[in-house]
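Tertiary structure, described
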Amino acid sequence: MSSLIALGAGGAATVTSAYLLVGIRGNNKITVAPDHVPYWSFGIGMLSANAGTAFQQLSGIGNQLGATFQGNAALGEWQTGATAALLTIAVFGFKPRPLKDVVCGAVAPSLFAAAGGFWALPASIFSGLISAFIG
């Protein structure tokens, strides 16, 4: 046995997505508090980096978001860390909204990894933990 829970990255991403979808609705036995949605979706984003092609589109969205701001001449010099900071403010600065938090949380790991430095710490730490648990 190579991992504690033998799900695989694709299976774990699917199970986590289903849990979040059922939990957001709030009228089932599984509930996810609105404040916890960004963390759940961040985990989905971490799992999707190693999953199959159905989930790998999430990392492409994060990279395109960073490239959009960098390619805008009106903003001047713009680095990926500024996009990561803006995404973090959007998640934690506004009132919790499930749709906003799911999208921002799911694209955050790829954006944080692309930014490097301080921003890459959560992505690298949690990816190591996740791969140890699910294989």
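Residues numbered from 1 in each chain as written. Predicted model: local features only at pLDDT ≥ 70, side-chain atom pairs only at ≥ 80, totals over all residues. Heavy atoms only, no water.

Concerning the pattern of salt bridges
Here is the rule we go by: Criterion for a salt bridge: a side-chain nitrogen of Lys or Arg within 4 Å of a carboxyl oxygen of Asp or Glu.
For the coordinates displayed, the defined rule picks out one salt bridge. Here Lys100 and Asp101 are joined by a salt bridge, their closest N and O atoms 2.6 Å apart.

Looking at the confidence of the model for the protein chain
The following threshold applies: pLDDT measures the predictor's confidence residue by residue and takes values from 0 up to 100. The way it works is that DSSP assigns letters per residue, a run of H or I at least four long becomes a helix, a run of E at least two long becomes a strand, and they are numbered from the N terminus.
Summing up the model confidence of the protein chain, the mean pLDDT is 80 and the portion of residues at 70 or higher is 90%. Ranking the elements of the protein chain by mean pLDDT puts helix α6 (residues 120–134) last with 75 and helix α4 (residues 80–93) first with 87.

A short note on the environment of Asn63
As a reminder of what qualifies: Using a 1.4 Å probe on the protein chains alone, a residue whose accessible area is under 20% of its type maximum counts as buried, one over 50% counts as exposed, and one in between counts as partly exposed. The contact rule is simple, with two residues in contact once any of their heavy atoms fall within 4.5 Å.
Examined against the element boundaries, Asn63 turns out to sit in helix α3 (residues 57–70). For Asn63, a relative accessible area of 42% gives the class partly exposed. Beyond its immediate sequence surroundings of up to four residues, Asn63 is in contact with Ser110 and Ala114.

Description of the packing of aromatic side chains
To keep things clear, this is the line we draw: Each aromatic pair joins two rings of Phe, Tyr and Trp (for Trp, the six-membered one) with centres within 6.5 Å, and gets the label stacked for planes under 30 degrees apart, edge-to-face for over 60, and tilted for any other angle.
Under the criterion given, the structure shown has six aromatic pairs. For the ring pair Phe42 and Phe112, a centre distance of 6.2 Å and an interplane angle of 45° mean the geometry is tilted. Taken together, the residues span a long stretch of sequence, with Phe42 in helix α2 (residues 37–48) and Phe112 in helix α5 (residues 98–115) at a distance of 70 residues. Assessed through its relative accessible area of 14%, Phe42 is described here as buried. Residue classification places Phe112 among the buried positions, given a relative accessible area of 9%. When the centroid spacing of 5.3 Å and the interplanar angle of 40° are considered together, the rings of Phe112 and Trp119 count as tilted. We classify Trp119 as partly exposed; its relative accessible area is 23%.

Focus on the environment of Ala51
Tracing the chain through its elements places Ala51 in the loop between α2 and α3. Since its relative accessible area comes to 6%, Ala51 is described here as buried. In this structure the C-alpha to C-alpha distance between Ala51 and Thr14, which are 37 residues apart in sequence, comes to 9.4 Å. Excluding residues within four positions of it along the chain, Ala51 makes contact with Ala9, Gly10 and Gln56.

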